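Here is what each chain is made of, one letter per residue.
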Amino acid sequence: MDCRHACGKSCSKDQCGACCGGGCRSQITITPVEYALLQQFAITPFLPVAASWNLKTPIYLEETAYQPEEYSDALTTLSLKGLIRIDYDIPLTNFNYHTYKSYPMHGSMALTGTGQEIVEQIEIQDVQ
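Summarised in this report is the structure supplied together with it. Starting afresh in each chain, residues are numbered from 1 along the sequence in its written order. With the structure being a predicted model, the display of local features is reserved for residues of pLDDT at least 70 and the display and counting of side-chain atom pairs for 80 or more, all residues being used for whole-chain, interface and lining totals. Each side-chain value is worked out from all heavy atoms of the structure, with water and hydrogens disregarded.

1. Examining the nonpolar core
Thinking step 1. With 27 residues, the main nonpolar core has Leu 37, Leu 38, Tyr 60, Leu 75, Ile 84, Ile 86 and Met 109 as its most contacted residues.
Thinking step 2. In this description a helix means any DSSP run of H or I spanning at least four residues, a strand means any run of E spanning at least two, and both kinds are numbered starting from the N terminus. Elements represented by at least two residues in this core include exactly helix H1 (32–43), strand S3 (46–51), helix H2 (68–80), strand S4 (84–87), strand S5 (105–111) and helix H3 (113–127).
Thinking step 3. Pairs of residues are marked as contacts when any of their non-hydrogen atoms sit within 4.5 Å. Apart from residues lying up to four places away in sequence, Leu 75 is in contact with Leu 37, Pro 58, Tyr 60, Ile 84, Ile 86 and Met 109. We define the nonpolar core as a collection of buried residues of types Ala, Val, Leu, Ile, Met, Phe, Trp, Tyr and Cys that are connected through side-chain atoms lying within 4.5 Å of one another. Working definition: with a 1.4 Å probe on protein chains only, accessible area under 20% of the residue-type maximum means buried, over 50% means exposed, and in between means partly exposed.

So this is what it looks like as structure tokens:
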């Protein structure tokens, strides 16, 4: 897999930052709702998620700062960016999915290794 970085260089490695001697990083744009979700993952490593049988839209109802559709879109995008993993077949233990009762699939989601790195970078930048 060819990896192209913000500096314009490419290499045969598939991890961002592996080329260019760490001197450049691929740019990841984070929207405000994605940022809010990443902050939630920094506090709580596993969050609940639900879906209909068609699995087209992740449902997250724990926060109300944004509309459910905005959370769904952001979760889909974070997953596509490789920052979170959504597992509809691994529900949270001892979590009451009552709020999600109208959705037949109950699962969990968590940061990936790359997502954890991004959260750490955000935390460092917020401190500075």
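2. Some words on H1
Thinking step 1. One less than the number of residues in a helix, times 1.5 Å, gives the span that helix is expected to have. With 12 residues, H1 should reach 16 Å at 1.5 Å per residue; the first-to-last C-alpha distance of 17 Å fits that figure.
Thinking step 2. Taken residue by residue, H1 has Val 33, Glu 34, Leu 37, Leu 38, Gln 40 and Phe 41 as its buried positions. When H1 is viewed along its axis, its buried side chains cluster within an angular range of 155 degrees and face the same direction. Away from the buried face of H1 by more than 90 degrees, exposed residues Pro 32 and Ile 43 are located. This arc corresponds to the set of directions leading from the helix axis out to the C-beta atoms.

3. Topic: the environment of Tyr 100
Thinking step 1. One can find Tyr 100 in the loop between S4 and S5.
Thinking step 2. Measuring from C-alpha to C-alpha, the distance between Tyr 100 and Ala 50 comes to 6.6 Å, with 50 residues separating the pair along the chain.
Thinking step 3. If near-sequence neighbours (up to four positions away) are discounted, Tyr 100 is found in contact with Pro 48, Ala 50, Ile 59, Tyr 60, Leu 61, Glu 62, Phe 95 and His 106.

4. Notes on the sheet that holds S3
Thinking step 1. Strand pairing is assigned whenever DSSP detects at least two bridges linking the two strands. An order of S3-S5-S4 is seen for the three strands of this open sheet, with the pairing classed as antiparallel. Two strands in the sheet have a free side with no partner beyond their single neighbour: S3 and S4. The average undirected angle you get between the axes of adjacent strands in this sheet is 30 degrees.
Thinking step 2. By the bridge criterion, six bridges tie S3 to S5 in an arrangement that is antiparallel. Bridged to Leu 47 within S5 is Met 109.
Thinking step 3. Where helices are involved, their axes are fitted lines through C-alpha atoms of the stretch in contact, as for all axes, and angles between N-to-C directions lie from 0 to 180°. The strands touched by H1 are S3, S4 and S5; relative to S5, the strand with the most contacts, the crossing angle is about 85 degrees.
Thinking step 4. Its contacts with the sheet put H2 on S4 and S5, and the angle it makes with S4 is roughly 115 degrees.

5. Observations regarding the pattern of salt bridges
Thinking step 1. Here, a salt bridge means any side-chain nitrogen of Lys or Arg that lies within 4 Å of a carboxyl oxygen of Asp or Glu. A complete count under the given rule lists two salt bridges for this structure.
Thinking step 2. The partner of Lys 81 in a salt bridge is Glu 34, and the shortest N-O contact between them spans 2.9 Å. Residue Lys 81 is found in the loop between H2 and S4, and its partner Glu 34 is found in helix H1; the two are separated by 47 residues along the sequence.
Thinking step 3. Lys 81 gets classed as partly exposed once you look at its relative accessible area, which sits at 31%.
Thinking step 4. Note that Arg 85 and Asp 87 form a salt bridge whose closest N and O atoms lie 2.9 Å from each other.

6. Regarding the packing of aromatic side chains
Thinking step 1. The rule is short: rings of Phe, Tyr and Trp, with Trp giving its six-membered ring, pair when the centres are within 6.5 Å, and they are stacked under 30 degrees, edge-to-face over 60, tilted in between. Taken as a whole and assessed by the stated rule, the structure comprises five aromatic pairs.
Thinking step 2. Between Tyr 66 and Tyr 71 the ring centres are 5.8 Å apart and the planes differ by 90 degrees, which places this aromatic pair in the edge-to-face class.
Thinking step 3. Owing to a relative accessible area of 24%, Tyr 66 belongs among the partly exposed residues under this scheme.
Thinking step 4. Through successive ring pairs, a cluster of aromatic residues spans Tyr 60, Tyr 66 and Tyr 71.

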